[in-house]
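Analysis of the macromolecular model
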2 protein chains.
Amino acid sequence: MHLPNDVRVVEVGPRDGLQNEKDPLSVEQRVQLVNALARAGVSSVEVGSFVSPKWVPAMAASDEVFRKIERRPGTVYSALVPNERGLEGALESNVSEIAVFISASESFSKRNINCSIEESFERLKPVFDKAFKASIPVRGYLSCVAGCPYEGAISPAVVAELSRRLVETGCYEVSLGDTIGVATPPVVADVLDQVFSVVKVSKVAVHFHDTYGYALANVFQALQHGVSVVDSAIAGLGGCPYARGASGNLCTEDLVHFLQDLGINTGLDLDGLMATGNWVSEQLGRRSLAKVSAARARE
Amino acid sequence: MHLPNDVRVVEVGPRDGLQNEKDPLSVEQRVQLVNALARAGVSSVEVGSFVSPKWVPAMAASDEVFRKIERRPGTVYSALVPNERGLEGALESNVSEIAVFISASESFSKRNINCSIEESFERLKPVFDKAFKASIPVRGYLSCVAGCPYEGAISPAVVAELSRRLVETGCYEVSLGDTIGVATPPVVADVLDQVFSVVKVSKVAVHFHDTYGYALANVFQALQHGVSVVDSAIAGLGGCPYARGASGNLCTEDLVHFLQDLGINTGLDLDGLMATGNWVSEQLGRRSLAKVSAARARE
């Protein structure tokens, strides 16, 4: 059983975690969150997104958040960018890097961003061009890699081909997202086997949702395949706010605790993360989904 | 990746799950729970324990529960038995089988049942003898197989030797319990490798606690080692009732959903289990810890 010695955790809480909040955090709260995460050792944090506030009101004023955060040397502060206009906002906000988004499911692509997979590559072309000119690294999200709410199972061959194209187009890393939390370890193994036949393992990250509690089992499968970059959200942010306990993103605190128990170095301060997760959960008027925080609270 | 075709799920909710409740369920509620579980297809259910009600008040009147449950043909209704006196109660209650308890940690044994591991084998000798005379199968629980709250890590060699002795003494099955939820997949692999060097795989079950969210990852590891019997508790009963969200036993609904997604047959009715888990959680004035139930509730 071979596992990586080090894992880089990409913190997506302030963006992926908060973007669907009905009662969004204020700019000040979002700034505090990002600063606390960076102080706990997070080396990559997705701060916000440059999308229309009409579509994603919780991410409005991401430029202001970027302006107000402390910038720690070595920390990557990234933003999701859907199109050229978003890229301009991101560049003006002096982001460290951008992330772009492609779906592995045609139906999901059409319903979510109203264009085909092919059209979304087209739409992103000027984004890539201008980002490269500005020397800004681009991270690619590939969603629905294990299943789609409309189509069901997604072919690992399609995931591999789209991963290859994202890398070919210039993404320094592709994050494979199980958007609806349906992946199991054998599916993860299949997808990674196919992806690694065309993309280097060092260019692949995994992004699991913990809808059914499978996320850590899937992380462990990915680690055994050599993956050493894992996305997660502090306090498990991103769960559906209308169903208490229904979870979305893999919780950073539980991921880090798991990696530590596996003897894998993350460079992260678990106590600092738990405090941050508890703090942000309080701001949102709920409790953290972190199991390690609940367990420690009763010790 | 080789997985078993079928898994037997041993439902421990009515005993392991409920035994620490401060406000115990009534006999009627416990009877309803056991009946609902059996109707959902559970083939092995731990109904109660024959211990002093002074020590475990929530398990008082287990004899009454046994008297009032429907007995479905083919369903195993078991009871935990700590000593000869407990066995007598169990036999009078016409249990299908009994379970006995040994710890893999000396310190845990002394603090929990006030005797050494060796003494606990001595204490169980007459229990085994009389159970065999009555043709009652005996299941052995071995606790703390991955770690102990007092000693830390437990040697897999010790776990293997105690498993061997339990089988030699006459247990038809040994359930390896990660009592405090600290096992990780590599630890599970180590323990099982050593256990299987002296005990047949068909005689081994696993019993994981989900304290830190590792239980399904550990189940998957055990399945890959050929284990095909897994303990779990409906609604994740057995969490600490004083810390909301702090979990104890692996949740049956999530286990069954995971096994189904892996294409493994359990013979269980997930809808019936979810309804039962929601019902018993209501009786206890809390919400079910089942992630699949929370996810389905928002669909």
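No experiment lies behind these values; they were computed from the predicted model shown. (Residues numbered from 1 in each chain as written. Chains lettered and ligands numbered in written order. Predicted model: local features only at pLDDT ≥ 70, side-chain atom pairs only at ≥ 80, totals over all residues. Heavy atoms only, no water.)

1. Some points on the overall build of chain A
Short version of the rule: Helix and strand assignments come from DSSP, with helices taken as H or I runs of at least 4 residues and strands as E runs of at least 2, each series counted from the N terminus. For this measure, only C-alpha atoms enter the radius of gyration; the expected value for a globule follows 2.2 Å times N^0.38, where N is the number of residues. Contacts are assigned to residue pairs with any non-hydrogen atoms lying within 4.5 Å of each other. Areas reported here follow the Shrake-Rupley algorithm with a probe of radius 1.4 Å; residue values treat only the protein chains shown as occluding. The sign given to each residue is positive for Lys and Arg and negative for Asp and Glu; His and the chain ends receive no count. For the purpose of locating charges, the reference atoms are NZ of Lys, CZ of Arg, CG of Asp and CD of Glu.
Per the secondary structure count, chain A includes 12 helices and 10 strands. In terms of C-alpha radius of gyration, chain A reaches 18 Å, essentially the compact-globule figure of 19 Å for 299 residues. Principal-axis analysis of the C-alpha atoms gives chain A an extent of 50 × 45 × 35 Å. Across chain A, every contact between residues at least 6 apart in sequence was considered, and the portion connecting residues at least 24 apart equals 73%. Entry remark: accessible area of chain A is about 11,600 Å², with carbon and sulfur atoms responsible for 48%. In chain A, 28 positive and 35 negative side-chain charges are present, and the distance between their average locations comes to 4 Å.

2. Here we look at the packing of aromatic side chains
Where two aromatic rings form a pair, the distance of their centres and the angle of their planes describe that pair. So the rule is basically this: Side-chain rings of Phe, Tyr and Trp (the six-membered ring for Trp) are treated as a pair once their centres are within 6.5 Å; stacked means planes under 30 degrees apart, edge-to-face means over 60, and tilted covers the remaining angles. For a lysine, the NZ atom is tested; for an arginine, the CZ atom; a charge sits over a ring if that atom is within 6 Å of the ring centre and within 35 degrees of the ring normal.
Evaluated as defined, the whole model comprises 12 aromatic pairs over all chains. Here the aromatic cluster, defined as three or more aromatic residues joined through ring pairs, consists of Tyr212 and Tyr214 of chain A together with Phe220 and Phe258 of chain B. Its end group placed over the ring of Tyr150 of chain A, Arg111 of chain A keeps NZ or CZ at 4.0 Å from the ring centre. Taking the ring centre of Phe121 of chain B as reference, the NZ or CZ of Arg165 of chain B above it sits at 4.0 Å.

3. Considerations on the environment of Gly267 of chain B
Relative to the elements of secondary structure, Gly267 of chain B occurs in the loop between helix 10 (252-261) and helix 11 (270-283). Non-local contacts of Gly267 of chain B, meaning those with residues more than four positions away in its chain, are made with Ala40 and Gly41 of chain B.

4. Things to note about helix 7 (residues 156-169) of chain B
Residue pairs spaced three or four apart in an α-helix point in one direction, given the helix's 3.6 residues per turn. All names here are of chain B. Going by this rule: Expected helix span is computed as 1.5 Å times (number of residues minus one). Throughout, exposure labels follow a simple rule: accessible area from a 1.4 Å probe, protein chains only, divided by the maximum for the residue type, with under 20% read as buried, over 50% as exposed, and the rest as partly exposed. Whenever a nitrogen or oxygen atom comes within 3.5 Å of another N or O atom, the pair is scored as a polar contact, on the condition that within protein one atom can donate a hydrogen and the other can accept it, and that pairs from neighbouring residues in sequence are kept only if both atoms are in side chains.
With 14 residues, helix 7 extends 20 Å between its outermost C-alpha atoms, agreeing within 8% with the 20 Å of an ideal straight helix rising 1.5 Å per residue. By the burial criterion, the buried members of helix 7 are Val159, Ala160, Leu162, Ser163, Arg165 and Leu166. For helix 7, the elements touching its buried residues are strand 4 (97-103), helix 6 (117-133), strand 5 (138-143), strand 8 (173-178) and helix 8 (185-195). With a side-chain oxygen lying 3.1 Å from the backbone nitrogen of Ala157, the N-terminal cap of helix 7 falls on Ser155. Once helix 7 ends, the next one or two residues include Gly170, with phi positive near 130°.

5. Structural notes on the pairing of strand 8 (residues 173-178) of chain A
Successive side chains on a regular strand alternate, one facing one side of the sheet and the next facing the other. Residues and elements named next belong to chain A. What counts, and what does not: Only strands that DSSP links by at least two bridges are regarded as paired with each other.
For strand 8, a buried count of 6 out of 6 residues is recorded, marking the element as mostly surrounded by other parts of the structure. In strand 8, alternate side chains face the same way, and those of Glu173, Ser175 and Gly177 on one face and Val174, Leu176 and Asp178 on the other are all buried. Pairing between strand 8 and strand 9 (residues 204-208): 5 bridges, direction parallel. Bridge pairing in strand 9 places Ser175 opposite Ala205.

6. Looking at the packing of helix 4 (residues 84-92) of chain B against helix 6 of chain B
All names here are of chain B. Under the convention used in this document: The angle between two axes is taken between their N-to-C directions and runs from 0 to 180 degrees, where each axis is a line fitted to C-alpha atoms and a helix contributes only its stretch in contact. For classification, angles of less than 35 degrees are called roughly parallel, those exceeding 145 degrees roughly antiparallel, those between 65 and 115 degrees roughly perpendicular, and all remaining angles oblique. For any helix crossing, the convention is left-handed if the near helix is rotated counterclockwise from the far helix by under a right angle, and right-handed if that rotation is clockwise. Here the nonpolar group is Ala, Val, Leu, Ile, Met, Phe, Trp, Tyr, Cys and Pro; Asp, Glu, Lys and Arg are the charged ones; every other residue, Gly included, is treated as polar.
Following both chains from N to C, one finds helix 4 and helix 6 inclined at 25°, their axes separated by 8 Å at the closest point. In terms of axis orientation, helix 4 runs roughly parallel to helix 6. Between helix 4 and helix 6 the crossing geometry is right-handed. Together, Glu84, Leu87 and Glu88 of helix 4 and Pro126, Val127, Lys130 and Ala131 of helix 6 make up the contact between the two elements. Within the contact of helix 4 with helix 6, the residues separate by chemical class into 4 nonpolar, no polar and 3 charged.

7. Looking at the environment of Val227 of chain B
Residue and element names in this part refer to chain B. By the secondary structure assignment, Val227 is in the loop between helix 9 (215-224) and strand 10 (229-232). Each C-alpha atom of the pair Val227 and Asp6 lies 10.0 Å from the other, and the pair is 221 residues apart in sequence. Residues in contact with Val227, not counting those within four places in the same chain, are Pro4, Leu192, Phe196, Val201, Val204, Ala205, Val206 and Ala222.

8. Some thoughts on the packing of helix 9 (residues 215-224) of chain A against helix 9 of chain B
The interhelical angle for the contact between helix 9 of chain A and helix 9 of chain B, taken along N-to-C directions, is 55°, at an axis separation of 7 Å. In terms of their interaxial angle, helix 9 of chain A and helix 9 of chain B are classed as oblique. In this structure, helix 9 of chain A meets helix 9 of chain B at a crossing whose hand is right-handed. Between helix 9 of chain A, through Leu216, Ala217, Phe220 and Gln221 of chain A, and helix 9 of chain B, the contact on the second element is made entirely by Leu216, Ala217, Phe220 and Gln221 of chain B. The residue makeup of the contact of helix 9 of chain A with helix 9 of chain B, split by class, is 6 nonpolar, 2 polar and no charged.

9. Some remarks on the sheet that holds strand 9 (residues 204-208) of chain B
Residues and elements named next belong to chain B. One closed barrel accounts for 8 strands, arranged 1-2-3-4-5-8-9-10; its pairing is parallel. For this sheet the average axis-to-axis angle between neighbouring strands, irrespective of direction, equals 25°. Summarising the sheet, strand 3 (residues 76-80) and strand 4 pair through 3 bridges and their orientation is parallel. Residue pairing for strand 4: Ala79 is matched across the bridge by Ile98. Contacting strand 4 and strand 5, helix 5 (residues 106-113) runs over the sheet at an angle of about 120° to strand 4. In this fold helix 10 packs onto strand 1 (8-11) and strand 10, with an angle of close to 175° to the strand it touches most, strand 1.

10. Digging into the pattern of salt bridges
Residues and elements named next belong to chain A. What counts here: Counted as salt bridges are all cases of a side-chain nitrogen of Lys or Arg within 4 Å of a carboxyl oxygen of Asp or Glu.
Overall, the coordinates contain 30 salt bridges over all chains when judged by the stated rule. Among the salt bridges present, the one from Lys68 reaches Glu64, with a minimum N-O distance of 3.0 Å. Of this pair, Lys68 and Glu64 are both found in helix 3 (residues 62-68), 4 residues apart, which corresponds to roughly one turn of the helix. Salt bridges here are not isolated pairs; linked through shared partners, they connect Arg8, Arg139, Glu173 and Asp231.

11. Thoughts on the confidence of the model for chain A
So the rule is basically this: What pLDDT expresses is the predictor's confidence in each residue, scored from 0 to 100.
On average, residues of chain A score 95 in pLDDT, and 97% of them reach the 70 mark or higher. This prediction of the complex comes with two scores: 0.96 for pTM and 0.95 for ipTM.

12. Structural notes on the sheet that holds strand 10 (residues 229-232) of chain A
Pairing between the strands of a sheet comes from backbone hydrogen bonds, and it takes one of two forms, parallel or antiparallel. Residue and element names in this part refer to chain A. Strand order around the closed barrel formed by 8 strands is 1-2-3-4-5-8-9-10, with parallel pairing between neighbours. Strand-to-strand twist of the sheet, defined as the mean angle between neighbouring strand axes without regard to direction, takes the value 25°. Looking at chain direction, strand 9 and strand 10 are connected through 2 bridges and run parallel. Counted as the bridge partner of His207 is Asp231 from strand 10. Most of the contacts of helix 2 (residues 27-39) go to strand 2 (residues 44-49), to which it runs at about 170°, and overall it touches strand 1 (8-11), strand 2 and strand 3 (76-80).

13. Structural notes on helix 11 of chain B
Residues and elements named next belong to chain B. With 14 residues, helix 11 should reach 20 Å at 1.5 Å per residue; the first-to-last C-alpha distance of 20 Å fits that figure. Looking at helix 11, one finds that the buried residues are Leu270, Gly272, Leu273, Met274, Thr276, Gly277, Val280 and Ser281. Its buried side turned inward, helix 11 meets helix 2 (27-39), helix 10 and helix 12 (291-297). Structurally, the start of helix 11 carries an N-cap: the backbone nitrogen of Asp271 is 3.2 Å from a side-chain oxygen of Asp269.

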